[in-house]
There are 2 protein chains.
Amino acid sequence: MTDSVTIALDVMGGDHGADSVLPAAVSQLKADPSLRLILVGDESLIRERLKALGPAPEDRMVVHHASEQIEMGEPPMQALRGKPDSSMRVGLNLLRDGEAQAFVSAGNTGALVALSHFVVRMLPGIDRPAIQSTVPALNGHTHVLDLGGNVDSRAEHLLQFAVMGSVLAQELDDNPSPRVGLLNVGEENIKGNRQVQAADILLRESKLNYIGYIEGDDIYCGEVDVVVCDGFVGNISLKTTEGVARMLTTSLKEEFKRNLYSRLAMILAAPILKGFRRLFDPRRYNGASLLGLRHVVIKSHGSADAFAFEQAIVRAQQEARRDLPMQIDQNIDTLLADRVEASVES
Amino acid sequence: MTDSVTIALDVMGGDHGADSVLPAAVSQLKADPSLRLILVGDESLIRERLKALGPAPEDRMVVHHASEQIEMGEPPMQALRGKPDSSMRVGLNLLRDGEAQAFVSAGNTGALVALSHFVVRMLPGIDRPAIQSTVPALNGHTHVLDLGGNVDSRAEHLLQFAVMGSVLAQELDDNPSPRVGLLNVGEENIKGNRQVQAADILLRESKLNYIGYIEGDDIYCGEVDVVVCDGFVGNISLKTTEGVARMLTTSLKEEFKRNLYSRLAMILAAPILKGFRRLFDPRRYNGASLLGLRHVVIKSHGSADAFAFEQAIVRAQQEARRDLPMQIDQNIDTLLADRVEASVES
């Protein structure tokens, strides 16, 4: 049997809090016998809600009380200074102290980034957590980072994102040589902004499987495994994706409701449309990694339902099992060593 | 009868050159009796191709010979210095000299931006052309700029884009008070990069109907008329849109081809799917404006077919008829005057 993995969950975070987190926890405990969970939050609330959910593998589930909770709109600095007993903070403490090997929260992103940075700390040589998400692509998926953790990133940061994304793809996809692309504008002869041009030089010098510049549409074409960009650009690209997908699916639905004939066609096409929706169900891709920390921290979407939150737990479990932070640490070292050697030689 | 408008067309530009441009020209001349066209390019080739297209309104159509042509991958500096008789250059000369009121080209974007800048010149106070495109949105459309003309834009440039986009929406949509949004990242408390924060302050001081920060998904929600962003970000957002739309439509098609039942459903759903495709047909939105120039220059997509190129001619005609460059010039002046007053008062 596989060694067990213990994951701490922020039961109070996100739009639905315990209503999403607890059903996801129970369901995932049943699905994965090597999983142990620490449920962090208001103990009496958690116990009450658990009762309503029926029988659960109690022996692999611990409730850890936390008396406070960070609100979705709360400024990160306030969350950091004012709430020592928030579920997010207590969960991160458990992670730092080795009680858990991963932490999952659907709470306030800014607070999670700031608290993780402060409590869990960064790997040597990395300044701030990068937010990585996996998106569907033709024939598979693509790992994209950064998605908002860092804006105004320098070329060195983009290089770090590339290393971290590459290690993640190696570990999670068993892909020995992930193709890394640098997001840039595509017009011939318009060569992109300064940071991207400088990062391109660093990436060419690196030992990564760097395939060069890619454009926004390449994210979804299935021909690149890791897409590297500044957090400002990545966040806007990801949100654009959500907006386009919502507009297209809304309009498709409206077209099918236009008249009696189209409504009939919709009934007949329902199984196909359902398969299509499942393929791109954003819930399946829930669970963004905060990379560059000393331990595994996963950010679930704030609006995640139980199914979506379960995917974030699965992602946490995969990263913890592979000890992704250690893998990143080792690879960043190798890369930096290469660069030091190169500069000594030159 | 409306006053006539004369538009010069680059017959040699784009992937299909005369094969797209000439059918579009003839069709649009027939559709719009007040339109006059100057067809710029290899005269013997143009006359030969026109013959094959059958009868055309010859009296409103002039062929203007140009012996050279700019290739799609050619560096802009080479296009600028080495080819004084290219169809693009000659067309822009006609525009500068008042022979035409607009110029449309499907050629090399970098060369068109550089040559327009050099030949047609910028309006006072504007540094470089901004590329503006109109995209479909729920219940209408949204005007987005810049899409790649300027990278590393300063806050002042973003303000200029906002004024130009707002004037464009006023003129083309008869919208007296277009809602202007500034593209930013959306996480609470992560306030965006430096240029955006500085531009936000300038926009709040302006007389525009500025609605504040918007996120990537808002481009398509129908609740903003003009989206302002740096060209790097805008280009990536637009290309992301293309990539997502392509992935979704490809996958929908594949789902419908999966088995006998789904193929049957596809036949029945065909009229609905066709209506859906027409709604978001990118060809309908072809024709990006190069704003900030003294005259109307429209960039058609390089891969445009005749139908798509015709939409670019329509856009050129609309902008020329309203004298959009003059409208922009007047509004930029007003805005700058306000700011000078404000700084004098403070």
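See the structure above.
This one's a predicted model, so the numbers in the text were calculated from it and none came from an experiment.

On to the overall build of chain A, then. Helix and strand content of chain A: eleven helices and eleven strands. Considering only C-alpha atoms, chain A reaches an extent of 65 × 60 × 45 Å along its principal axes. The buried share of chain A, reckoned over its 346 residues, is 58%. A separation threshold of at least 6 residues defines the contact pool for chain A, and within that pool the share at least 24 residues apart is 70%. About 14,300 Å² of surface is accessible on chain A, with carbon and sulfur atoms providing 50% of the total. Put simply, chain A has 35 plus and 46 minus side-chain charges, and the middle of one group is 5 Å from the middle of the other.

Here we come to the sheet that holds strand S7 (residues 179-183) of chain A. All names here are of chain A. Read across the open sheet, the eleven strands follow the order S3-S2-S1-S4-S11-S10-S5-S6-S9-S7-S8; overall the sheet is mixed. Each having just a single partner strand, strand S3 (61-65) and strand S8 (209-214) make up the two edges of the open sheet. Across the sheet, the mean angle from the axis of one strand to that of its neighbour is 25°, orientation sign disregarded. The sheet contact formed by strand S1 (residues 5-10) and strand S2 (residues 35-41) spans six bridges and is parallel. When the bridges of S2 are listed, Ala8 appears paired with Ile38. Strands S2 and S3 of the sheet are contacted by helix H2 (residues 43-52), whose axis makes an angle of about 150° with S3. The sheet strands contacting helix H5 (residues 109-119) are strand S4 (102-105), strand S5 (130-137), strand S10 (288-291) and strand S11 (296-299), and the helix crosses S11 at an angle near 170°.

Attention now moves to the environment of Ala130 of chain A. All names here are of chain A. Here Ala130 lies in strand S5. The sequence separation of Ala130 and Ala66 amounts to 64 residues, and the corresponding C-alpha distance is 27 Å. Among residues more than four places away in sequence, those in contact with Ala130 are Leu145, Asp146, Asn150, Phe161, Met164, Ser289, Leu290 and Leu291.

All names here are of chain A. When the terminal C-alpha atoms of helix H10 (residues 306-322) are compared, their 25 Å separation across 17 residues agrees well with the 24 Å that a helix rising 1.5 Å per residue should span. By the burial criterion, the buried members of H10 are Ala308, Phe309, Glu310, Ala312, Ile313, Arg315, Ala316, Gln317, Glu319 and Ala320. The residue sitting at the N-terminus of H10 and contributing the capping side-chain oxygen is Asp305; that oxygen lies 3.2 Å from the backbone nitrogen of Phe307. Just past H10, the residue Asp323 takes up positive phi, approximately 45°.

Okay, the nonpolar core next. In globular proteins that are soluble, nonpolar side chains generally tend to be buried together. Counting 159 residues, the largest nonpolar core has Leu92, Phe256 and Ile328 of chain A together with Leu92, Phe256 and Ile328 of chain B as its most contacted members. Here this core gets eleven residues from one element, more than from any other, and that element is helix H6 (residues 155-173) of chain A. Leave out the neighbours within four places in its chain, and Ile328 of chain A touches Leu123, Ile126, Met164, Val167 and Leu291 of chain A.

All names here are of chain A. Counted residue by residue, helix H4 (residues 87-96) has eight buried out of ten residues, so it is predominantly covered. Those residues of H4 that fall on the buried side of the exposure criterion are Ser87, Met88, Arg89, Val90, Gly91, Leu92, Leu94 and Leu95. Remark: Gly98 follows H4 within two positions and exhibits a positive phi of approximately 80°.

Moving on: the interface of chain A and chain B. Across the contact, 64 residues belong to chain A and 64 residues belong to chain B. For the pair chain A and chain B, the two sides together bury roughly 5,600 Å², of which 71% comes from carbon and sulfur. When the buried area of chain A at its contact with chain B is split by residue, Phe232, Met247 and Ile272 of chain A rank highest and sum to 12% of it. At the junction of chain A with chain B, the criterion picks out six salt bridges. Between Asp152 of chain A and Arg194 of chain B there is a salt bridge, with its nearest N and O atoms 3.7 Å apart.

Let's shift gears to the sheet that holds strand S7 (residues 179-183) of chain B. Residue and element names in this part refer to chain B. On the basis of which strands lie adjacent, the open sheet formed by eleven strands has the order S3-S2-S1-S4-S11-S10-S5-S6-S9-S7-S8 and mixed pairing. In this open sheet, the two edge strands, each paired with only one partner strand, are strand S3 (61-65) and strand S8 (209-214). Across the sheet, the axes of successive neighbouring strands diverge by a mean angle of 25°, strand direction being ignored. Here three bridges tie S7 to strand S9 (residues 226-228), and the two strands are oriented parallel to one another. Counterpart to Val180 in the pairing with S9 is Val226. Each of strand S1 (5-10), strand S2 (35-41) and S3 touches helix H1 (residues 18-31); the most contacted strand, S2, lies at about 165° to it.

Quick look at the pattern of salt bridges now. Applying the stated criterion across every chain yields a total of 32 salt bridges over all chains. Close ionic contact of Glu43 of chain A with Arg47 of chain A constitutes a salt bridge, the shortest N to O distance being 3.1 Å. Placement of both Glu43 of chain A and Arg47 of chain A in helix H2 is noted, with a separation of four residues, approximately one turn of the helix. A relative accessible area of 29% places Glu43 of chain A in the partly exposed class. Judged by its relative accessible area of 42%, Arg47 of chain A is partly exposed. Between Arg258 of chain B and Glu255 of chain B there is a salt bridge; the shortest N-O distance is 2.5 Å.

Glancing now at the relation of the copies chain A and chain B. With an RMSD of 0.0 Å, the fit of chain A onto chain B corresponds to turning through 180° and sliding 0.0 Å along the axis. What the superposition gives is, in effect, a two-fold axis relating one chain to the other. Of the interface residues in chain A, 100% have counterparts in chain B that sit at the interface too, so the contact is made through matching surfaces.

What follows is about the pairing of strand S6 (residues 140-145) of chain A. All names here are of chain A. As judged from the six bridges shared by S5 and S6, these two strands associate in the antiparallel manner. Residue pairing in the sheet places Ala137 in a bridge with Gly140 of S6. Where S5 folds back on S6, the antiparallel hairpin that results is connected by two residues, among which Asn139 adopts a positive phi of roughly 60°. One ladder, built from three bridges, connects S6 with strand S9 (residues 226-228); its direction is parallel. Bridge pairing in S9 places Val144 opposite Val227.

What follows deals with unusual backbone geometry. For the peptide bond that leads from Leu145 of chain A to Asp146 of chain A, omega is 0°, which places it in the cis range. Looking at the secondary structure, you find Asp146 of chain A in the loop between S6 and H6. One non-glycine residue, Asp323 of chain B, adopts positive backbone phi at about 45°. With respect to the secondary-structure elements, Asp323 of chain B resides in the loop between helix H10 (306-322) and helix H11 (324-345).

Cut-offs and rules
Residues numbered from 1 in each chain as written. Chains lettered and ligands numbered in written order. Predicted model: local features only at pLDDT ≥ 70, side-chain atom pairs only at ≥ 80, totals over all residues. Heavy atoms only, no water. Helix = DSSP H or I, 4+ residues; strand = E, 2+ residues; numbered from the N terminus. Buried < 20%, exposed > 50% of the residue type's maximum accessible area, 1.4 Å probe, protein only. Contact = heavy atoms within 4.5 Å. Areas by Shrake-Rupley, 256 points an atom, 1.4 Å probe, with all protein chains shown as cover. Lys, Arg positive; Asp, Glu negative; His and termini not counted. Charge placed at Lys NZ, Arg CZ, Asp CG, Glu CD. Pairing = 2+ DSSP bridges. Axes fitted to C-alpha atoms, helices over the stretch in contact; angles between N-to-C directions. Expected span 1.5 Å × (residues − 1). Polar contact = N/O pair within 3.5 Å; in protein donor to acceptor, adjacent residues only side chain to side chain. Core = buried A, V, L, I, M, F, W, Y, C linked by side-chain atoms within 4.5 Å. Buried area = accessible area lost by both parts, 1.4 Å probe. Salt bridge = Lys/Arg side-chain N within 4 Å of Asp/Glu carboxyl O. Least-squares fit on C-alpha atoms with pLDDT ≥ 70 in both.

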